[in-house]
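Residue-level structure breakdown
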Amino acid sequence: MNLLTNGRVITRDEGGKGYYEKGAVAYEGTKIVEVGEEAALRAKYPQAEIIDAKGGVIMPAFINAHTHIYSALARGLSIVGNNPTNFYEVLDGTWWAMDRKLTLEGSRASADALYIDCIKQGVTTIFDHHAAYCEIPGSLFQIGESAKKFGIRSCLCYEVSDRDGEEKCLQAIKENADWITYCEQQKDPMLAAMFGDHGILGDKTILGHCIHVNPAEIELIQNTHTMVVNNPESNMSNAVGVCPVLPLSKAGILLGLGTDAWTNDMIESLKAALCVQRLNACLPNVAWCEVTGMLFKNNAKIGAKYFPDELGVLKAGAAADIIVMDYKPYTPFSDENIDGHILFGMTGKLCRTTIANGKLLMKDRELIGIDEEAENAHILEAAKKLWGALNHREY
């Protein structure tokens, strides 16, 4: 038994108590056993191993509903001659150029880098759409091995495109099929294959972005119970438009929040989502409930479509995915206004402790069981190779 103590507990449990000012979370194995007052749980579980939250905020870990591992090694990269003036040029000059040079080694290093950053920012579940057209076969399995190593729950798929010819397209389809078969055979609760209905739209299909959708298309998405994920910073950076979050939400569509790998900080994405929706509507009083619901409610509902354990909540029986944020409020604080404290007072980097599926991944900002210096060294070498291939020089 483990007992996470000495913190303010935000449960996100709509059917139970939402806040314990002096709370604790008891967990054993992969599941939460009990959430309650610290004094009561200490007395009930005297033999439990204590993890000290040091006065921080204990809350459910974050879920990133859309990201791209393949872009992890792009941080700081400038490709010679690449000066995009439209979105196609962004794709062709940056991302497709990268994935045409991304080897299996590069895919693995990219995954390692992203997962480390996720742990540091309290993200324990991701939905990833991978592309590495240099070496396709085995790519998802490299990422899967990394996911196991770092303990991050991952729903994976491979981008299918004929932009590099039919053979590559068929390889991408087979990579998805192989990964689906593997996940079905292994039945690992931490790994899943992102695969919707054969009719494309359906209740396990996730549509990314959905910026340019008309009312008829919104109705189609709603009628097929298809999910949508908004990635605000990426959309703004690529100058492609603003997702119609308000109409999509009004239509009852399950709308989640991702990052498109622009960041691994879900709080940063949340802040951007709120600001761009208000700017787009020219109204300062809209989108609060919609965007907070996307991150704190809907991402967990999306997770439930693919993973067997309940996510996004601290209650008995839910997955032991728990984080501690190093945050000391100086204004009134409770479950009634937690979203305001997160939006205006927190960033992902305030995460000090991360637990995923009952495994302690980071404690007091130190990765557990991971040699971070060694990991960074091998990631750096892979990045140098990738950058060198892109710019025809040594780094």
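This text goes with the structure placed above it.
The text that follows walks through the structure, step by step, so that each part is easy to find. (Residues numbered from 1 in each chain as written. Predicted model: local features only at pLDDT ≥ 70, side-chain atom pairs only at ≥ 80, totals over all residues. Heavy atoms only, no water.)

**Observations concerning the overall build of the protein**
- Helix and strand counts for the protein stand at 12 helices and 16 strands.
- Radius of gyration (C-alpha) of the protein: 21 Å, near the 21 Å computed for a compact globule of 395 residues.
- Considered along the principal axes of its C-alpha atoms, the protein spans approximately 65 × 50 × 40 Å.
- The proportion of buried residues among the 395 residues of the protein is 55%.
- Counting only contacts in the protein whose residues sit at least 6 apart along the sequence, the fraction spanning at least 24 positions is 73%.
- Entry remark: accessible area of the protein is about 17200 Å², with carbon and sulfur atoms responsible for 53%.
- Separation between the mean location of the 37 positive side-chain charges and that of the 51 negative ones in the protein comes to 5 Å. (Helix = DSSP H or I, 4+ residues; strand = E, 2+ residues; numbered from the N terminus. Rg over C-alpha atoms; globule rule 2.2 N^0.38 Å. Buried < 20%, exposed > 50% of the residue type's maximum accessible area, 1.4 Å probe, protein only. Contact = heavy atoms within 4.5 Å. Areas by Shrake-Rupley, 256 points an atom, 1.4 Å probe, with all protein chains shown as cover. Lys, Arg positive; Asp, Glu negative; His and termini not counted. Charge placed at Lys NZ, Arg CZ, Asp CG, Glu CD.)

**Some thoughts on the packing of helix α3 (residues 104-120) against helix α12 (residues 372-391)**
- The interhelical angle for the contact between α3 and α12, taken along N-to-C directions, is 135 degrees, at an axis separation of 9 Å. Looking at the two axes, α3 sits oblique to α12. In this structure, α3 crosses over α12, and the sense of that crossing is left-handed. Two secondary-structure elements touch here, α3 through Glu105, Ala109, Asp112, Ala113, Ile116 and Lys120 and α12 through Glu372, Glu375, His378, Ile379, Ala382 and Lys385.
- Per-class residue counts for the contact of α3 with α12 are 5 nonpolar, 1 polar and 6 charged. (Axes fitted to C-alpha atoms, helices over the stretch in contact; angles between N-to-C directions. Parallel < 35°, antiparallel > 145°, perpendicular 65-115°, else oblique. Left-handed = near helix turned anticlockwise from the far one by under 90°. Nonpolar A, V, L, I, M, F, W, Y, C, P; charged D, E, K, R; others polar.)

**Looking at the sheet that holds strand β8 (residues 153-158)**
- Strand order in this open sheet of 4 strands is β6-β7-β8-β9, and the pairing throughout is parallel. With partners counted over all chains shown, the strands left at the sheet margins are β6 (62-67) and β9 (191-193), one partner each. Sheet twist, expressed as the average angle between the axes of neighbouring strands with direction ignored, equals 15 degrees.
- α3 contacts β6, β7 (123-130) and β8 of the sheet and is inclined by roughly 150 degrees relative to β7. (Pairing = 2+ DSSP bridges.)

**Describing the sheet that holds strand β12 (residues 255-257)**
- Read across the sheet, 3 strands follow the order β10-β11-β12 without closing on themselves; strand pairing throughout is parallel. In this open sheet, the two edge strands, each paired with only one partner strand, are β10 (206-208) and β12. Adjacent strand axes in the sheet meet at a mean angle of 30 degrees, parallel and antiparallel pairs treated alike.
- As paired strands, β10 and strand β11 (residues 227-230) are joined by 3 bridges and run parallel to one another.

**What about the pairing of strand β14 (residues 351-356)?**
- With respect to burial, β14 is a largely interior element, 6 of its 6 residues being buried.
- Taken together, the 3 bridges between β14 and strand β15 (residues 359-363) define a ladder with antiparallel strand orientation. Bridging across to β15, Thr354 finds its partner in Met362.
- Hairpin geometry of β14 and β15 is characterised by an intervening segment of 2 residues between the two adjacent antiparallel strands and by a positive phi of about 55 degrees at Asn357.

**Details of α12**
- Between its terminal C-alpha atoms α12 stretches 28 Å, which fits the 28 Å expected from 20 residues at 1.5 Å a residue.
- Where α12 is concerned, the buried positions are Glu375, Ile379, Ala382, Ala383, Leu386, Trp387, Gly388, Leu390 and Asn391.
- If you follow the buried residues of α12, they end up packed against α2 (87-99), α3 and α4 (139-150).
- Positioned one or two residues after α12, His392 has a phi angle of 55 degrees, which is positive. (Expected span 1.5 Å × (residues − 1).)

**Regarding the pattern of salt bridges**
- By the definition in use, this model includes 27 salt bridges.
- Linking Arg8 and Glu21 is a salt bridge whose minimum nitrogen-to-oxygen distance equals 3.9 Å. With a gap of 13 residues between them, Arg8 in strand β1 (residues 2-10) and Glu21 in strand β2 (residues 19-28) connect regions that are remote in the sequence.
- For Arg8, a relative accessible area of 22% puts it in the partly exposed group.
- Here Glu145 ties to Lys148 by a salt bridge, and the two come within 3.7 Å at their closest N and O atoms. (Salt bridge = Lys/Arg side-chain N within 4 Å of Asp/Glu carboxyl O.)

**Comments concerning the layout of surface pockets**
- Approximately 620 Å³ is the volume attributed to the second largest pocket.
- Looking at the second largest pocket, it is lined by 28 residues, and the ones nearest its centre are Arg12, Asp13, Glu14, Phe296 and Lys297.
- Residue assignment for the lining of the second largest pocket shows that the elements contributing at least two residues are α10 (288-306) and α11 (338-345).
- Element by element, the count of residues in the lining of the second largest pocket is highest for α10, at 9 residues.
- Among the residues making up the lining of the second largest pocket, the classes are represented as 10 nonpolar, 7 polar and 11 charged. (1 Å grid on protein atoms, 1.4 Å probe; cavity = no way out; pocket = protein on both sides within 12 Å on 5 of 7 lines; lining within 4 Å. Points joined across faces, edges and corners; volume = space filled by probe spheres on them.)

**Observations concerning the nonpolar core**
- If you look at the biggest cluster of nonpolar residues, it comprises 83 residues, and the most contacted ones within it are Phe62 and Tyr115.
- If you tally residues by element for this core, the top one is α3, at 7 residues.
- Excluding residues that lie within four positions of it along the chain, Tyr115 makes contacts with Ile69, Ile126, Ile143, Ser146, Ala147, Phe150, Ile152, Ser154 and Leu156. (Core = buried A, V, L, I, M, F, W, Y, C linked by side-chain atoms within 4.5 Å.)

**With respect to unusual backbone geometry**
- Here the phi dihedral of Lys54 falls at roughly 55 degrees; this positive angle occurs in a residue that is not glycine.
- Secondary-structure assignment places Lys54 in the loop between β4 (49-52) and β5 (57-60).
- Judged by relative accessible area, Lys54 falls into the partly exposed class, the value being 40%.
- You will see that Ala287, though not glycine, has its phi angle at about 80 degrees, which is positive.
- Looking at the secondary structure, you find Ala287 in the loop between α9 (266-281) and α10.
- Take Ala287: its relative accessible area is 3%, and that puts it in the buried class.

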